[in-house]
Amino acid sequence: MSAARSPVTAGAPPPPAYRPELHGLRGLAIALVVLYHVFMDRVSGGVDVFLFISAFFLTGSFVRRMEAGKPMAPVAYWARTFKRLLAPAAVIVLATLAAVRLFLPPSTWMPAIHDAIASMLQVENWLLIHRGTDYEAAATTATSPLQHFWSLSIQGQVFLLWPLLFALCAVIARRSRIAPRRVVLIVFTVIALASFVWSVVSTATQQQTAYFDTTARIWEFAAGSLLALLPAAAPAGTARSAPSRRLRVGLGWAGLAVLIATGALIDGRSMFPGWIAAIPLLGATLVFLSGVSGSRLGADRLLRSRPFSFLGDISYGLYLIHWPILAITLVAAERATAGPLLGPAIIALSVVLAYLLTRFLDTPIRRWSWANSSAPRAGAVVVAVLAIGLAPSIGAKQLLEDAAQDAERRATADNPGARALMPGFAPHPDADPDAAPLPSAATLSQDWENLPEECSGEFAPAEGMLEGSCRMTDAPDGAPVIIAAGNSRLAQTAVSLSAPAQENRWRLIILRAPSCVFTPGIDSYLGAECDAHNDAALEYIDQVGPEAVAVSTTMVLHEGPERVDRVTEETVPALLGDGVDVIALRDAPRIAENPVVCLEAGGTAEDCTQPLDRGTMPEGRPDAAVLEDLAARTEEDGGGEVLPVDLLPITCPRDACPPIIGNIHVMFDEDHLTATYMESAGPEVERQLEDAGFRW
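Model, not experiment: these values are computed from the prediction. The written sequence of each chain sets the order in which its residues are numbered from 1. In view of the model being predicted, local features appear only for residues whose pLDDT reaches at least 70, and side-chain atom pairs are presented and counted only at 80 or more, with totals across whole chains, interfaces and linings using the full set of residues. Think of the side-chain values as coming from all heavy atoms in the structure, minus any hydrogens and water.

(A) Up close: the overall build of the protein. Secondary structure elements follow DSSP: runs of H or I of four or more residues count as helices, runs of E of two or more count as strands, with numbering from the N terminus. Within the protein, the regular secondary structure consists of 26 helices and 13 strands. This radius of gyration counts C-alpha atoms alone. The globule rule is 2.2 Å times how many residues there are, raised to the power 0.38. For 696 residues, the compact-globule formula gives about 26 Å, and the C-alpha radius of gyration of the protein, at 29 Å, lands near that figure. With the C-alpha coordinates of the protein rotated into their principal frame, the extents come out at 90 × 55 × 50 Å. Accessible area is worked out with a 1.4 Å probe on protein chains only. A residue is then buried under 20% of its type maximum, exposed over 50%, and partly exposed in between. Sorting the 696 residues of the protein into buried and exposed places 55% on the buried side. Every residue pair with non-hydrogen atoms within 4.5 Å of one another is taken to be in contact. Contacts in the protein between residues at least 24 apart in sequence constitute 78% of all its contacts with a sequence separation of at least 6. Asp and Glu count as negative and Lys and Arg as positive, but His and the ends of the chain are not part of the count. To locate a charge, take atom NZ for lysine, CZ for arginine, CG for aspartate or CD for glutamate. The distance from the centre of the 51 positive side-chain charges to the centre of the 71 negative ones in the protein is 24 Å.

(B) View of the confidence of the model for the protein. Note on scores: pLDDT gives the predictor's confidence for each residue, bounded by 0 and 100. For the protein, per-residue confidence averages 89 on the pLDDT scale, and residues scoring 70 or more make up 93% of the total. Low pLDDT, under 50, characterises residues 3-15; the predicted model gives this stretch 39 contacts beyond four residues in sequence or across chains. Within the model, the stretch residues 237-242 combines pLDDT values under 50 with six contacts to residues more than four positions away or in other chains.

(C) Up close: the pattern of salt bridges. Put simply, a salt bridge is a Lys or Arg side-chain nitrogen that is within 4 Å of an Asp or Glu carboxyl oxygen. In this structure the tally under the stated criterion is 19 salt bridges. The residue Glu 67 makes a salt bridge to Arg 181 at a minimum N-O spacing of 2.6 Å. Of this pair, Glu 67 sits in helix α2 (residues 46-67) while Arg 181 sits in helix α7 (residues 180-212); the two residues are 114 residues apart in sequence, bridging distant segments of the chain. The exposure class of Glu 67 is partly exposed, given its relative accessible area of 42%. The exposure class assigned to Arg 181 is partly exposed, which follows from its relative accessible area of 33%. One salt bridge connects Arg 489 with Asp 587, and the closest N-O pair in it is separated by 3.1 Å. With Arg 489 in helix α18 (residues 488-494) and Asp 587 in the loop between β8 (581-585) and α22 (595-600), this residue pair connects regions lying 98 residues apart in the sequence. A single burial state applies to Arg 489 and to Asp 587, both of which are buried.

(D) Spotlight on the nonpolar core. Residues belong to a common nonpolar core when they are buried Ala, Val, Leu, Ile, Met, Phe, Trp, Tyr or Cys residues joined through side-chain atoms within 4.5 Å. Counting 114 residues, the largest nonpolar core has Leu 25, Trp 162, Phe 166, Phe 188 and Phe 288 as the members making the most contacts within it. It is α2 that provides the largest number of residues to this core, a total of 13 residues. Not counting residues within four places of it along the chain, the set of residues in contact with Trp 162 comprises Leu 58, Thr 59, Phe 188, Ile 191, Ile 218, Phe 221, Ala 222 and Ser 225. Grouped together as the second largest cluster of nonpolar side chains are 43 residues, Ile 510, Ala 548, Ala 550 and Met 667 included.

(E) Highlighting the environment of Ala 380. The residue Ala 380 is located in helix α16 (residues 375-409) in this model. Note on Ala 380: relative accessible area 40%, which makes it partly exposed. Sequence separation between Ala 380 and Ala 79 is 301 residues; the distance between their C-alpha atoms is 8.2 Å.

(F) Broad picture of the pairing of strand β5 (residues 548-552). Most of β5 sits inside the fold, with five of its five residues counted as buried. Neither face of β5 is exposed, since Ala 548, Ala 550 and Ser 552 on one face and Val 549 and Val 551 on the opposite face are all buried. In terms of strand pairing, strand β3 (residues 481-486) meets β5 through three bridges, oriented parallel. Bridging across to β5, Ala 484 finds its partner in Ala 550. Pairing geometry for β5 and β8, over five bridges, is parallel. By the bridge assignment, Val 551 is partnered in β8 with Ala 584. In this analysis, strands are considered paired if DSSP registers two or more bridges between them.

(G) View of unusual backbone geometry. With an omega dihedral of -10°, the bond running from Leu 438 to Pro 439 counts as a cis peptide bond. With respect to the helices and strands, Pro 439 occurs in the loop between α17 (411-414) and β1 (453-454). Of note, the phi angle at Arg 505 is positive, near 65°, even though the residue is not glycine. Relative to the assigned elements, Arg 505 resides in the loop between α19 (498-503) and β4 (507-512). Residue Arg 505 is classed as exposed on the basis of its relative accessible area, which comes to 55%. Positive phi, normally seen in glycine, also occurs at Ser 515, with a value near 70°. For Ser 515, the location among the structural elements is in the loop between β4 and α20 (528-544). In this structure Ser 515 comes out as exposed when scored by relative accessible area, which is 54%.

(H) Up close: the packing of helix α6 (residues 149-176) against helix α13 (residues 315-332). Axes here mean lines fitted to C-alpha atoms, for a helix over just the part in contact, with angles spanning 0 to 180 degrees between N-to-C directions. Contact geometry for α6 and α13: axes closest at 10 Å, N-to-C directions at 135°. One element, α6, and the other, α13, form an angle in the oblique class. In this structure, α6 uses Phe 149, Trp 150, Ser 151 and Leu 152 to contact α13, whose residues at the interface are Tyr 316, Tyr 319 and Leu 320. Here the contact of α6 with α13 is composed, by residue class, of six nonpolar, one polar and no charged. An angle counts as roughly parallel when it lies under 35 degrees, as roughly antiparallel when it exceeds 145, as roughly perpendicular when it falls between 65 and 115, and as oblique in every other case. Classification convention: Asp, Glu, Lys, Arg as charged; Ala, Val, Leu, Ile, Met, Phe, Trp, Tyr, Cys, Pro as nonpolar; all other residues, Gly among them, as polar.

(I) Structural view of the state of the cysteines. In this description, the term disulfide denotes a pair of cysteine sulfurs within 2.5 Å. Within this structure, the stated rule accounts for four disulfides. Across a sulfur-sulfur distance of 2.0 Å, Cys 652 and Cys 657 are joined as a disulfide pair. Across the S-S bond of Cys 652 and Cys 657 the torsion is about 105°, and the bridge reads as right-handed. Residue classification places Cys 652 among the buried residues on the basis of a relative accessible area of 3%.

(J) A negative patch on the surface, seen in detail. Residues enter a patch when their relative accessible area is above 30% and they make no salt bridge; the linking distance is 9 Å between like charges and 5 Å between nonpolar side chains (Val, Leu, Ile, Met, Phe, Trp, Tyr). Here, Shrake-Rupley sampling with a 1.4 Å probe gives the accessible areas, and only protein chains in the shown set may cover a residue. Residues Asp 535, Glu 539, Asp 542 and Asp 578 make up a contiguous surface patch of negative charge. Residue position: Glu 539 is located in helix α20. On the basis of relative accessibility, which here comes to 48%, the residue Glu 539 falls in the partly exposed class.

(K) Expanded view of the packing of aromatic side chains. Aromatic rings from Phe, Tyr and Trp, taking only the six-membered ring of Trp, are treated as a pair when their centres fall within 6.5 Å; an angle between ring planes under 30 degrees marks them as stacked, one over 60 as edge-to-face, and anything in between as tilted. All chains considered together, the criterion is met by 19 aromatic pairs. Between Phe 52 and Phe 288 the ring centres are 5.6 Å apart and the planes differ by 65°, which places this aromatic pair in the edge-to-face class. With Phe 52 in helix α2 and Phe 288 in helix α10 (residues 278-290), this residue pair connects regions lying 236 residues apart in the sequence. A relative accessible area of 0% means that Phe 288 is categorised as buried. The interplanar angle of 80° and the centroid separation of 5.8 Å between the aromatic rings of Trp 150 and Phe 212 together place this pair among those described as edge-to-face. On the criterion of sequence distance, the pair formed by Trp 150 in helix α6 and Phe 212 in helix α7 is long-range, its members being 62 residues apart. Given a relative accessible area of 3%, Trp 150 falls into the buried group. When its relative accessible area of 0% is taken as the criterion, Phe 212 is described as buried.

(L) Layout of the side chain of Thr 214. With respect to the element layout, Thr 214 can be found in the loop between α7 and α8 (218-228). Counting of polar contacts relies on pairs of N or O atoms within 3.5 Å, with two restrictions inside protein: one atom must be capable of donating a hydrogen and the other of accepting it, and residues adjacent in sequence are counted only when both atoms are side-chain atoms. One polar contact links Thr 214 to Gln 157, side chain to side chain, over a distance of 2.5 Å. Leaving out residues up to four positions away in the same chain, Thr 214 has contacts with Asn 125, Trp 126, Ile 154 and Gln 157.

Have a look at this one:
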């Protein structure tokens with residue numbers, strides 16, 4: 001999404017021939033992105049075309065340098081490229097943070113700060129994957145106004161990788177004496193095929209992840225690189241160029257039709273970036289191949305016109321600006337869509353601001369002779385811009401964390417949480433009646449399970465297993481171990497075991513896989529990745545040999561009544577047979593509306609209390625009979641103990657689900673309990689375990 005027509009700096013590849021029709025195609029692509037975001041909430045394919053175009057020009061430049069026998073100079077390329085890209089990005093990131101602070105509720109502040117840091121460091125796509133972002137979701141306070149940096153991050157990662165690949169190709173070509181173009185053709189064909197196959201498989205099995213996954217998108221860049229190697233991709237300068245003028249006219253208009261129809265006729269939000277992404281790239285390819293038709297009826301004449309040229313000029317700025325304005329406006333106005341009046345206003349404002357950003361920052365930075373004169377100077381600008389863009393974000397993050405820590409230091413007195421429901425509870429004599437609830441508003445939506453240590457040493461998973469999903473508490477060497485395994489909802493509930501475990505000098509390990517219910521050995525409806533993670537988690541349990549394993553033995557879906565989880569079919573009996581105690585956690589409730597949104601809209605705790613749906617969660621556990629049967633069998637045959645734990649009475653006491661109990665937020669969305677509240681539930685968990693016969 002970088003702007004076209006960049007100046008040459010020291011160490012830079014020679015510039016490609018200027019293609020005004022491709023500059024206009026860039027403008028059309030950004031127009032489609034904006035229009036489809038604002039009015040249709042669909043994937044336009046415009047982003048895919050951007051990635052495609054950037055690789056086309058990048059490849060042509062480096063191949064010409066290879067054929068001329070010049071060094072690849074990747075560091076100079078990086079300095080020049082990121083000098084140009086980061087300055088406008090930093091302005092938009094900081095302006096977006098300011099708008100979030102002014103117009104959005106505090107619960108959005110910390111996520112926006114994390115997005116700002118990730119965007120500047122070109123890793124926003126990986127943060128969105130880690131967060132479990134659904135690109136299809138409607139605009140809410142959970143929608144990041146910096147979410148669109150996912151594609152810029154992928155582009156930045158490719159801009160870091162591609163010069164290294166060309167340097168490798170240059171070495172291979174020099175040593176093998178094979179023509180540089182042939183080497184590049186082979187290398188990038190392999191990359192394109194491997195990434196395309198992975199993209200199709202990943203999109204079919206884990207589309208939310210695939211959408212933001214660099215490895216599932218690299219084939220689009222590789223396709224642009226391969227196109228740059230074709231002689232037919234060069235523009236035709238006259239009407240006599242082959243193929244004929246008539247064919248070029250047809251190719252151009254066919255390409256535009258395919259590109260425009262991608263979003264208009266195909267609702268492909270849940271299909272990208274698999275094979276469906278080849279459709280807009282096909283359209284772009286036809287425009288590339290049509291070149292300059294030499295006809296006044298050619299599509300290239302339209303793309304070279306002033307309106308499309310103008311859109312091409314401001315394309316980078318327009319992409320940067322339009323999404324934060326749209327996302328913040330919709331959330332602040334509590335609207336799901338922009339509509340026929342607000343939509344054009346958002347687009348008009350975006351165009352004006354994009355022009356100003358391009359005119360007064362982007363263009364001067366690109367034409368800055370001092371910075372363009374050498375790679376070290378361009379690199380110095382990159383470092384300076386990163387410092388300017390990151391410092392306010394890091395500073396604001398520290399301030400919010402310090403405020404949260406100050407509140408937590410008084411938590412014993414001011415924020416008893418679930419302890420307030422225990423028999424004989426008395427408020428602390430030093431409690432501040434005006435103390436703010438925990439977690440703080442700025443950190444509430446990020447209150448995930450986060451045990452203090454990654455699994456390491458003897459508790460480190462085997463290489464390639466459970467990467468990034470295994471965390472543990474500290475404990476003495478040889479301490480007994482509890483392993484909790486399951487999805488994010490189970491992980492939140494399992495935090496209630498951390499305080500009792502530490503007080504009794506046990507080690508708690510949590511294996512969390514977002515959206516993956518723990519059903520090892522059973523093909524799940526969640527796809528191959530979840531199944532592989534579950535099998536790896538069971539293998540890890542066998543490897544560690546814990547004294548106890550905690551799993552959800554019931555399941556609460558968005559629709560239908562609570563039911564017995566399939567983990568009880570094979571895994572629980574097998575664990576009990578091996579002498580492992582099983583802590584049978586009841587699944588957490590789901591509620592109809594996000595309580596945080598209700599509170600931030602001005603509702604009181606009483607206003608935002610929601611009735612517990614007994615049709616969904618009955619008074620008695622649906623797995624009670626199964627657990628009793630398992631307990632009877634293990635008592636007769638020997639083995640581990642079954643230890644039921646039900647926290648529903650302290651999350652939704654007296655058939656009501658309040659947003660705050662004991663001055664602690666109970667849930668941060670419709671589906672997840674807060675880690676802070678679950679930590680306060682430690683005494684209740686310890687009581688239930690001891691009543692079930694468990695001894696620490």
